[in-house]
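# Observations on the three-dimensional arrangement
So the chains spell out like this:
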Amino acid sequence: MRRVRCIVVVQDSNAHQTETELKRLQRRRSDLRIKGIHSIYRLRIRLPDEPGILDNQVRKLAREGIYLRRCRGPEVPVVGSDLSAIFFLELEGSLEKYVRAKSLLHEYIVEEAPDFPGGIISLQF
């Protein structure tokens, strides 16, 4: 028996589309013969250039039990714009935790780039 893996990428600025797709997949799970569904959520944040600010934000997530799978950055924006840096966070867990992370980091979240999807849903058949 072969195992097939499929990735669904969701461009999402408010978690609504990701939630819709997850619910649709859950309802059709047996019809589609999906064995497992795994979700990864992404956030793109801009932090000011201050010592310890990334650590403070990651600690907020940890206190809420939100698992940070990966952090990439800093990527410095256009020279001369301001003294801040962009970080890309990948969170693992439930949609509720993703929504909670967005509320905790709301002041730092920047609009998603076209090449940086908000949600990735991995399916195993």
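Report follows, based on the coordinates. Because the structure is predicted, anything quoted here is derived from the model rather than measured. (Residues numbered from 1 in each chain as written. Predicted model: local features only at pLDDT ≥ 70, side-chain atom pairs only at ≥ 80, totals over all residues. Heavy atoms only, no water.)

### A closer look at the overall build of the protein
A count of helical and extended segments in the protein gives three helices and five strands. Going from the N terminus to the C terminus, the protein shows its helices and strands as β-α-β-α-β-β-α-β. Excluding contacts between residues fewer than 6 apart, the proportion of contacts in the protein whose partners are at least 24 apart in sequence is 75%. Per element, the accessible surface of the protein, about 8,000 Å² overall, is 50% carbon and sulfur. (Helix = DSSP H or I, 4+ residues; strand = E, 2+ residues; numbered from the N terminus. Contact = heavy atoms within 4.5 Å. Areas by Shrake-Rupley, 256 points an atom, 1.4 Å probe, with all protein chains shown as cover.)

### Some thoughts on the packing of aromatic side chains
Each pair of aromatic rings is reported with the distance of its centres and the angle of its planes. As enumerated under the stated definition, the model contains one aromatic pair in all. One residue, Arg72, lies across the ring of Phe88, its end atom 4.1 Å from the ring centre. (Phe/Tyr/Trp six-rings, centres within 6.5 Å; stacked < 30°, edge-to-face > 60°. Lys NZ or Arg CZ within 6 Å of the ring centre and 35° of its normal.)

### A word on the pattern of salt bridges
One pass over the full model with this rule turns up seven salt bridges. For Asp55, the salt bridge goes to Arg59, with nearest N and O atoms at 2.8 Å. Pair noted here: Asp55 and Arg59 are both in helix α2 (residues 53–63), with a separation of four residues, about one helical turn. For Asp55, a relative accessible area of 37% puts it in the partly exposed group. The exposure class assigned to Arg59 is partly exposed, which follows from its relative accessible area of 47%. One network of salt bridges, in which partners are shared, links Arg42, Arg69, Arg70, Glu90 and Glu92. (Salt bridge = Lys/Arg side-chain N within 4 Å of Asp/Glu carboxyl O. Buried < 20%, exposed > 50% of the residue type's maximum accessible area, 1.4 Å probe, protein only.)

### Points about α2
Those residues of α2 lying buried are Ile53, Gln57 and Leu61. Considered in projection along α2, the buried side chains sweep an arc of 85° and stay on one side of the axis. With respect to the buried face of α2, the exposed residues turned more than 90 degrees away are Ala62 and Arg63. The positive-phi residue at the C-terminal boundary of α2 is Gly65, with phi of around 75°. (Arc of directions from axis to C-beta.)

### Quick word on the pairing of strand β4 (residues 84–92)
Among the nine residues that make up β4, eight are buried, leaving the element largely enclosed by the rest of the structure. Sheet analysis places strand β2 (residues 36–48) next to β4, joined by nine bridges and oriented antiparallel. By the bridge assignment, Leu43 is partnered in β4 with Leu89. With six bridges connecting them, strand β3 (residues 67–75) and β4 associate as antiparallel partners. Its bridge partner lying in β4, Leu68 is registered against Leu91. (Pairing = 2+ DSSP bridges.)

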